[in-house]
Amino acid sequence: MKIIALQGKSNIGKTTVITKLYHKLCVSYKRKNFSISNQDGDFAAIFDINSHIIGITSIGDYEKDLIEPFKIFENNNCELCVVCCHKKHETNGSKNFIESKAKQYGVNIMWYTKAYLGTWNTQYNCGVEIDAINDIQANILLKEILLQI
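All of these numbers come straight from a predicted model, not from anything done at the bench.

Conventions used here
- Residues numbered from 1 in each chain as written.
- Predicted model: local features only at pLDDT ≥ 70, side-chain atom pairs only at ≥ 80, totals over all residues.
- Heavy atoms only, no water.
- Helix = DSSP H or I, 4+ residues; strand = E, 2+ residues; numbered from the N terminus.
- Buried < 20%, exposed > 50% of the residue type's maximum accessible area, 1.4 Å probe, protein only.
- pLDDT = per-residue confidence, 0-100.
- Polar contact = N/O pair within 3.5 Å; in protein donor to acceptor, adjacent residues only side chain to side chain.
- Contact = heavy atoms within 4.5 Å.
- Pairing = 2+ DSSP bridges.
- Axes fitted to C-alpha atoms, helices over the stretch in contact; angles between N-to-C directions.

### Overview of unusual backbone geometry
- Despite not being glycine, Asn 11 shows a phi value in the positive range, around 60°.
- With respect to the helices and strands, Asn 11 occurs in the loop between strand 1 (2-8) and helix 1 (14-28).
- Residue Asn 11 is classed as exposed on the basis of its relative accessible area, which comes to 80%.
- The phi dihedral of Asn 50 falls on the positive side, at around 55°, and the residue is not glycine.
- Asn 50 sits in the exposed class, given a relative accessible area of 56%.

### A short note on the confidence of the model for the protein
- In this model, the protein carries a mean pLDDT of 89, and residues with pLDDT of at least 70 account for 88%.
- When mean pLDDT is compared element by element in the protein, strand 4 (residues 52-57) scores highest at 97, while helix 4 (residues 120-124) scores lowest at 56.

### Thoughts on the side chain of Gln 137
- Note that Gln 137 resides in helix 5 (residues 127-148).
- Owing to a relative accessible area of 11%, Gln 137 belongs among the buried residues under this scheme.
- Polar contacts involving the side chain of Gln 137 include one to the main-chain carbonyl oxygen of Thr 113, which spans 3.0 Å.
- Non-local contacts of Gln 137, meaning those with residues more than four positions away in its chain, are made with Leu 6, Val 17, Thr 113, Lys 114 and Ala 115.

### Some thoughts on the sheet that holds strand 1
- The six strands are arranged 2-3-4-5-1-6 in an open sheet whose pairing can be described as mixed. In this open sheet, the two edge strands, each paired with only one partner strand, are strand 2 (30-36) and strand 6 (109-113). Strand-to-strand twist across the sheet, computed as the mean angle between neighbouring axes with direction ignored, equals 20°.
- By the bridge criterion, three bridges tie strand 4 to strand 5 (residues 80-86) in an arrangement that is parallel. In the sheet register, Ile 54 faces strand 5, and the bridge partner there is Leu 80.
- Sitting on the sheet, helix 2 (residues 63-75) is in contact with strand 1, strand 2, strand 3 (43-49), strand 4 and strand 5, with an inclination near 175° to strand 5.

As structure tokens, this is what we get:
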């Protein structure tokens, strides 16, 4: 299983980018499975993209959060998965878990860093610009998925 990881610190829009990616996939490809992971609206979904099984999840701050999505990916024989990941290494962090899964599968992780404007957003009210950046990042992830299958 190949792994694409969108990394960044908490509350910078990783889930927003993955949700945008999810909606783009829904427009063109058959969704095979969908499940809500928690009350924050995080999810895991499986798509059939030209006979390739792809999994995506918006959850990924901690290792414990990724156990269930990876079970779903493995049970559905996903060739590739897209996950969120905390940027820093920590004892129970998602980055360590994702790296262990990549080692288990014998693959390199394709790391993407979430674009982040920090306090600039609150100072200059850049909601439209941030939404455009999130959409661009979702398009980049979609292109990477299509390149990998």
